[in-house]
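Structural features, examined
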Amino acid sequence: MKRVAVIGGGITGVTTAYALAKRGADVTLIERHRYAAMETSYANGGQLSASHAEVWNHKATILNALKWMARRDAPLLLHPWPSWHKLSWFAEFLAAMPDYERNTIATARLAIAARAHLFAWAEQENIDFDHRRAGILHVYRDKAGFERAAGVSRLLAQAGLERRAVSLLEMRAIEPALHGDFYGGYYTDSDSTGDIHKFTSGLADACARLGVACRYGAQVTALAREHGQVRISVGESVGEDSGVFDAVVICAGTASRAMAAMLGDHVNVYPVKGYSITVQLDDAASRAGAPQVSLLDDATKLVSSRLGEDRLRVAGTAEFNGVNDDIRADRIRPLLQWVQQCFPEVNTRKVIPWAGLRPMLPAMLPKVGPGKAPGVYYNTGHGHLGWTLAAATAEMVAMMVDKAVDKAGA
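Structure report, in brief. Remember, predicted model here, so these are calculated numbers, not experimental data. (Residues numbered from 1 in each chain as written. Predicted model: local features only at pLDDT ≥ 70, side-chain atom pairs only at ≥ 80, totals over all residues. Heavy atoms only, no water.)

A few words now on the nonpolar core. Leu20, Phe199 and Val249 are the most contacted members of the largest nonpolar core, which totals 70 residues. Take this core: its biggest share by element is ten residues, from helix H4 (residues 100-124). In this structure Phe199 touches Ile11, Thr15, Leu118, Ala122, Ile127, Phe129 and Trp387, once residues within four positions along its chain are discounted. Grouped together as the second largest cluster of nonpolar side chains are 27 residues, Leu178, Val293, Leu295 and Ile332 included. (Core = buried A, V, L, I, M, F, W, Y, C linked by side-chain atoms within 4.5 Å. Buried < 20%, exposed > 50% of the residue type's maximum accessible area, 1.4 Å probe, protein only. Helix = DSSP H or I, 4+ residues; strand = E, 2+ residues; numbered from the N terminus. Contact = heavy atoms within 4.5 Å.)

Across the interface, helix H1 (residues 11-22) lies against helix H7 (residues 196-209) with an axial gap of 9 Å and an inter-helix angle of 30°. On the basis of the axis angle, H1 is roughly parallel to H7. Here H1 runs over H7; the crossing is left-handed. Residues Ile11, Val14, Thr15, Ala17 and Tyr18 of H1 lie in contact with H7, whose contacting residues are Ile196, Phe199, Thr200, Leu203, Ala204, Ala206 and Cys207. Here the residues of the contact of H1 with H7 sort into ten nonpolar, two polar and no charged. (Axes fitted to C-alpha atoms, helices over the stretch in contact; angles between N-to-C directions. Parallel < 35°, antiparallel > 145°, perpendicular 65-115°, else oblique. Left-handed = near helix turned anticlockwise from the far one by under 90°. Nonpolar A, V, L, I, M, F, W, Y, C, P; charged D, E, K, R; others polar.)

Moving on to the side chain of Thr200. Along the chain, the position of Thr200 falls in helix H7. Once residues within four sequence positions are removed from consideration, Thr200 is found in contact with Gly9, Gly10, Ile11, Val14, Ala37 and Ser41.

Interpretation note: all reported values are geometric properties and have no functional meaning in isolation.
Next comes the structure, spelled out in structure tokens:
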């Protein structure tokens, strides 16, 4: 039986371990936290959003970043002090701008493919993750934003995704609880939402039932190729506890860059911090006044998802500040204000703030596939779309590993 290690117990790691285990591999899942889904897969925006597949390599992103640099509450905050990692990442980001259209289409196709796998796994394993199939409504506050969205919709259509324009009157019909001045919107009824932490935890339990050895609280300290296999050292010091595997799949989020370097690969993941709040809808007025349909507000770059009947998740912003997961009050405040303005009937007395580091690659496409050395694979760098893409990329990398190990053993 093939021995495969998967490093990382977030959504990409757990889906990869599951896809490999279903193919008969002897899988060990290695996660540094005590439980699965405790970092970026803990409290994201909740959207399974093929309609949000547009990559960021566009001049509008650069202009907004420069315009907002002086605002501490900016939707996209670029800290001015340089580092070699940040500079190299932005150089590659700029170099990928000519591929904006192609990469947007490719991302949307991945997102569409991921749906079938994720929904099937949830049904097979009886995972309750507050899944809501009510679509996603993108809202625009001015004509310029609405017209730019038309171009994005044409790219999504090339990938096979229908996202239709809706008038202000239609927006009100789709989500009657929404308040504010808007120009128009785009609605994708095939998109959905759910609790990433519940799903990932449930699938991790399913992995254990399939025989996956789940090693939680295990910090990887070294990776090395050894006699055609991969040695993984775990513990406070190199060599304290180690194992040898036929293959390794690195799904380690923002830690993937350092792990790739140990194996001679360049995987330029940068940690882009995002924030969320979970609003507890304890009273009847709040439950009635909160949105049922998931939203994306283009002007504020915020998304919202209803998780069950008693929770509203609001998330967004992007902060380029290195490895820093501090929860800042001035970054949380705009999320609270958005709820108060757009859904004034919602009581915000009980709110849980959170911050997570999205693992982003410069071209905004995940790294899915082999490294330089035989037996080394990656499934990482999904950025803000890890929840949306993970089931498809897990299937892709599991198929690659399965074929390669079978060939090596033939």
